[in-house]
Amino acid sequence: MLKLKNIRKGFPILARTINGHPLVYFDNASTAQKPYPVIAAMSDFYASRNANIHRGIHTLSYEATEAYEAVRERVQRFINAKSRDEIVFTSGTTESLNTVAFGMKYLLKAGQEILLTEAEHHSNIVPWQIVAAERKMKLKYIPIKSDGRLDLHAYHKLLNKRARVVAITHASNVTGAITPLQKIIPAAHKMGSLVVVDAAQSVAHIPIDVRRLDCDFLAFSGHKAYGPTGVGVLYGKRDLLESLRPFKYGGHMIKRVTKDQTTLANPPEKFEGGTAPLAEVIGLGAALEWLEQTGLKNIITHESSLSRHTLVRLRAIPGLRLHGPDRASARLPIISFTLDGVPAHDIASLLDAQGIAVRSGHHCAQILHEAFGQPATTRASLAVYNTRQEVDQLAKALLYIQNKFHGD
Amino acid sequence: MEIDTLYRQELLEHYRNPQNFGKLKKATYCAYRVNPLCGDEMDLEVLLDRNGKIEDIAFSGQGCAISIASASHFTEYLRGKSLARVKRVDREIPLRLLGASVGAPRRKCALLVYDALQDLVKLHDKKTGTGKNRRNPRS
Ligand SMILES: Cc1ncc(COP(=O)(O)O)c(C=O)c1O
């Protein structure tokens, strides 16, 4: 069981007031807040352990290197990768996905196909569009049903032997719908296609086991998992990482440089050109440790119950339309909605006036909003420290806003 | 609460029943603006009379209450003025017309109509060859 009070105490920002009200932070899908241990680990790194890694034999450099590599091993265990060499540190999901798309470009041929879904975040669409255009490949979109779930039937029809890549989100950042990867991945492999999983949203909410999933690549960011911004992870099966070309060249990613040529390092160093975001990697390690100590199982129990409560409360508001699966168990605690006659941005502004932080807009998923026929939605995305009272406050505020707009 | 003052019934009335909302049958210039941040879209059209005065003006599109109410007020304000005069209208005017302080995060919404107007002025300058040596208002 989670001790919610203690959990909340661990997040200093939750003590803030916004416009005279205690902060209710419901924008966790954009970025999550950071617990003390993460903040402390980073400031401690700068205060007493800062040095560049792999560069010096002095004590500090040695210690920094050890700490950095220990996080790699923590990530490896966290997602159950086979080897530490399969964990590449990047600046975030976006860089991870770009590393795969542009690293794989040279292996792709005209006439081959890339499958995406209509629910992808722009960062899992745009790199593939560029690569597809360059390599004269075809891009196909797996449709999303009106309740936000993937149309599996359509997926099987779209998938054929020409497919080389299926790039797919583990969970939508708009509807929270969880993708049935256990059905997607084996089908893709049977056709000889690789599968790239965008786990930006899922990583802090559902356990990830890359070996059980058997995905070929998986990407996530530190900052959505209670860690710092500026750091992310690319997991790749070892032989596949070996076959990718890096797109960042410079120091640290080489074995030997002569006037004429360079021998590249092996993965993961091959992809980590330049000085890494050291304090951020250390912060990521602290975030994963915090997640493990809090227990993903406890977090899931709390968040599912909160999701159910939110769905019930929001469904009771007349004129409110929810986007996403009906059942709380089929989704992350991400709840997007539209309110009849009230534009999304006005909802967000008026909620902010009461200290409630939500996001409004297309959430970097314009294709999905087009499919829903909505230019913008309002999104309340919940996390481990949110409470039922906060959800009740949201529901009450929405009723107030609605009355205001309808002139009562 | 400041924002509650902004979203008073007078503003919401302009949102629900905006002035000058729709398309003109005949227009001298049209401009289209989007606010990429929030997806608000606006078409702004004017019909000029022989003396270069705004005889008719209309806006259309989709937007939040602030961008619609602001366009409703501002198009009323512009009607009957010459484009030459409109050129010198300060960026604060549409904000002032809303009658309450617009917080920094929403200024872009309130100014969408103003930015569209700058595009119209540019079209006019291009067509008439004026304004080349004159500094354009900030856009
Ligand atoms: C599903 C999904 N993919 C990718 C991203 C991009 O993550 P980042 O901006 O950290 O690179 C996000 C974050 O907004 C997301 O929600």
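Residues numbered from 1 in each chain as written. Chains lettered and ligands numbered in written order. Predicted model: local features only at pLDDT ≥ 70, side-chain atom pairs only at ≥ 80, totals over all residues. Heavy atoms only, no water.

**Section: the confidence of the model for chain B**
- In this model, chain B carries a mean pLDDT of 88, and residues with pLDDT of at least 70 account for 91%.
- The lowest-confidence element of chain B is helix α1 (residues 2–6) of chain B, averaging 76 in pLDDT; the highest-confidence one is helix α3 (residues 65–78) of chain B, averaging 96. (pLDDT = per-residue confidence, 0-100. Helix = DSSP H or I, 4+ residues; strand = E, 2+ residues; numbered from the N terminus.)

**Some remarks on the domain arrangement of chain A**
Residues and elements named next belong to chain A.
- For chain A, the assigned domains are domain 1 (4–26 + 295–406) and domain 2 (39–292).
- Computed from C-alpha atoms alone, the centre-to-centre distance between domain 1 and domain 2 is 28 Å.
- Residue-level contacts link 34 residues of domain 1 with 32 residues of domain 2.
- Both faces considered, domain 1 and domain 2 share a buried interface measuring about 2,500 Å² in area, 68% of it formed by carbon and sulfur atoms.
- Our enumeration of links across domain 1 and domain 2 arrives at 0 salt bridges.
- On inspection of domain 1 and its partner domain 2, the count reaches 13 residue pairs in polar contact (both at pLDDT 80 or more).
- Elements represented by at least two residues in the side of domain 1 that touches domain 2 include exactly α11 (296–315), β14 (334–339), α13 (366–372) and β17 (377–381).
- Top contributing element to the side of domain 1 that touches domain 2 by residue count: α13, with 6 residues.
- Here the side of domain 1 that touches domain 2 is built from residues that sort into 21 nonpolar, 10 polar and 3 charged. (Domains from an automatic or database assignment. Contact = heavy atoms within 4.5 Å. Buried area = accessible area lost by both parts, 1.4 Å probe. Salt bridge = Lys/Arg side-chain N within 4 Å of Asp/Glu carboxyl O. Polar contact = N/O pair within 3.5 Å; in protein donor to acceptor, adjacent residues only side chain to side chain. Nonpolar A, V, L, I, M, F, W, Y, C, P; charged D, E, K, R; others polar.)

**As for the environment of A:I367**
Residues and elements named next belong to chain A.
- Relative to the helices and strands, I367 resides in helix α13.
- Spatially, the C-alpha atom of I367 lies 9.7 Å from that of I125, the residues being 242 residues apart in sequence.
- Ignoring anything within four residues of it in the chain, the contact list for I367 reads E118, I125 and Y141.

**What about the packing of helix α2 (residues 36–49) of chain A against helix α10 (residues 278–294) of chain A?**
All names here are of chain A.
- In the contact formed by α2 and α10, the axes pass within 8 Å of each other and the chain directions differ by 145°. Of the two possible hands of crossing, α2 and α10 adopt the one that is right-handed. Contacts between α2 and α10 involve P37, V38, A41, M42, F45, Y46 and R49 from the former and L278, A279, E280, I282, G283, A286, A287 and W290 from the latter. (Axes fitted to C-alpha atoms, helices over the stretch in contact; angles between N-to-C directions. Left-handed = near helix turned anticlockwise from the far one by under 90°.)

**Overview of the packing of helix α2 (residues 9–16) of chain B against α3(B)**
All names here are of chain B.
- Two elements in contact, α2 and α3, have axes whose closest approach is 8 Å; the angle formed by their N-to-C orientations is 85°. The angle between α2 and α3 places the two elements in the roughly perpendicular class. Counted together, E10, L11, L12, H14 and Y15 of α2 and A65, I68, A69, S72 and H73 of α3 form the full contact between these two elements.
- Residues that form the contact of α2 with α3 fall into these classes: 6 nonpolar, 3 polar and 1 charged. (Parallel < 35°, antiparallel > 145°, perpendicular 65-115°, else oblique.)

**A word on the interface of chain B and chain A**
- If you look at the interface, chain B gives 17 residues, while chain A gives 14 residues.
- In total, chain B and chain A occlude about 1,300 Å² of area from one another, counting both sides; carbon and sulfur atoms represent 55% of this.
- The tally of links from chain B across to chain A stands at 1 salt bridge.
- In this structure, B:R106 engages A:D346 in a salt bridge whose closest nitrogen and oxygen atoms are separated by 3.1 Å.
- At the junction of chain B and chain A, the tally comes to 8 residue pairs in polar contact (both at pLDDT 80 or more).
- For the side of chain B that touches chain A, the elements supplying multiple residues, two or more each, are α1, α2 and α3 of chain B.
- Here the side of chain B that touches chain A takes 4 residues from α2(B), the largest share from any one element.

**A closer look at the environment of B:I54**
Residue and element names in this part refer to chain B.
- As for its position among the elements, I54 is in strand β3 (residues 54–62).
- Judged by relative accessible area, which is 2%, I54 ranks as buried.
- Considering only alpha carbons, one finds I54 and Y32, 22 residues apart in sequence, at a separation of 18 Å.
- In this view, I54 contacts V46, L47, L48, L78, R79, G80, K81, L83 and V86; residues no more than four positions away in its chain are not counted. (Buried < 20%, exposed > 50% of the residue type's maximum accessible area, 1.4 Å probe, protein only.)

**Some words on the sheet that holds strand β16 (residues 359–361) of chain A**
All names here are of chain A.
- Taken in spatial order, the 4 strands make up an open sheet running β13-β14-β17-β16, and their pairing is antiparallel. Among the strands making up the open sheet, the edge pair consists of β13 (320–323) and β16. Across the sheet, the mean angle separating the axes of adjacent strands is 30° when strand polarity is ignored.
- As paired elements, β16 and β17 share 3 bridges and run antiparallel to each other. Note on β17: the bridge partner recorded for S360 is T378.
- Sitting on the sheet, helix α12 (residues 344–352) is in contact with β14, β16 and β17, with an inclination near 160° to β16. (Pairing = 2+ DSSP bridges.)

**A short note on the pairing of strand β10 (residues 232–236) of chain A**
Residue and element names in this part refer to chain A.
- Of all the 5 residues making up β10, 5 are buried; the element is thus mostly covered by neighbouring parts of the structure.
- Side chains G232, L234 and G236 of β10 all project onto a buried face; the interleaved residues V233 and Y235 project onto the opposite face, where all are buried too.
- Across 4 bridges, strand β4 (residues 87–90) lies against β10 in antiparallel orientation. Note on β10: the bridge partner recorded for V88 is L234.
- Pairing between strand β9 (residues 217–221) and β10: 5 bridges, direction antiparallel. The residue bridging F220 from the neighbouring strand is V233, located in β10.

**Details of the packing of aromatic side chains**
Residues and elements named next belong to chain A.
- Under the counting rule described, the total for this entry stands at 12 aromatic pairs over all chains.
- Ring centres 6.1 Å apart and planes at 75° place the aromatic pair Y226 and Y385 in the edge-to-face group. Taken together, the positions of Y226 in the loop between β9 and β10 and Y385 in the loop between β17 and α14 (388–405) put the pair 159 residues apart, joining distant regions of the chain.
- Since its relative accessible area comes to 1%, Y226 is described here as buried.
- With a relative accessible area of 0%, Y385 lands in the buried category.
- Linked through ring pairs, F11, Y226, W290 and Y385 together constitute an aromatic cluster. (Phe/Tyr/Trp six-rings, centres within 6.5 Å; stacked < 30°, edge-to-face > 60°.)

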